[in-house]
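Structure at a glance
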Amino acid sequence: KKKEEENKKFDISVIFSFDTTGSMSPVIDSVRKNAVNESNFEIRTSSDGRKYFVLKSGNRKIIGMSEMYNSLENAKKGIISVQSVSKTQKVNFV
């Protein structure tokens, strides 16, 4: 059951630069807009062999990076989760 719950979770850390007095709305909007298109995701391999994915904007700039996954299959599941959640749930930043 724990593994099942782990596969349902996702963590996308958004990479951005902004004035700390500014609004996060443009970043959130960008994640929501770009996450619906599968071609905006790119799966990569870390130096230790684990998989992760990045989310790119329309201009191909990286706007998000996932947690590390132990398998390609779980990285793909992470992309599906981000796509699903970005349509329906609040986007949180950590």
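The paragraphs below set out a description of the structure included in this document.

Calculation rules
- Residues numbered from 1 in each chain as written.
- Predicted model: local features only at pLDDT ≥ 70, side-chain atom pairs only at ≥ 80, totals over all residues.
- Heavy atoms only, no water.
- Phe/Tyr/Trp six-rings, centres within 6.5 Å; stacked < 30°, edge-to-face > 60°.
- Helix = DSSP H or I, 4+ residues; strand = E, 2+ residues; numbered from the N terminus.
- Buried < 20%, exposed > 50% of the residue type's maximum accessible area, 1.4 Å probe, protein only.

1. Concerning the packing of aromatic side chains
Inspection of the entire model under this criterion finds two aromatic pairs. With a centroid separation of 5.7 Å and an interplanar angle of 65 degrees, the aromatic rings of phenylalanine 41 and phenylalanine 53 are classed as edge-to-face. With a gap of 12 residues between them, phenylalanine 41 in strand β2 (residues 41-45) and phenylalanine 53 in strand β3 (residues 51-56) connect regions that are remote in the sequence. Relative accessible area serves as the criterion here: at 10%, phenylalanine 41 is assigned to the buried category. On the numbers, 6.1 Å between centres and 15 degrees between planes, the contact of phenylalanine 53 with tyrosine 69 is stacked. Here the residue phenylalanine 53 occupies a position in strand β3, and tyrosine 69 occupies one in the loop between β4 (62-66) and α3 (72-88), the gap between them amounting to 16 residues. The residues phenylalanine 53 and tyrosine 69 share a single accessibility class, namely buried.

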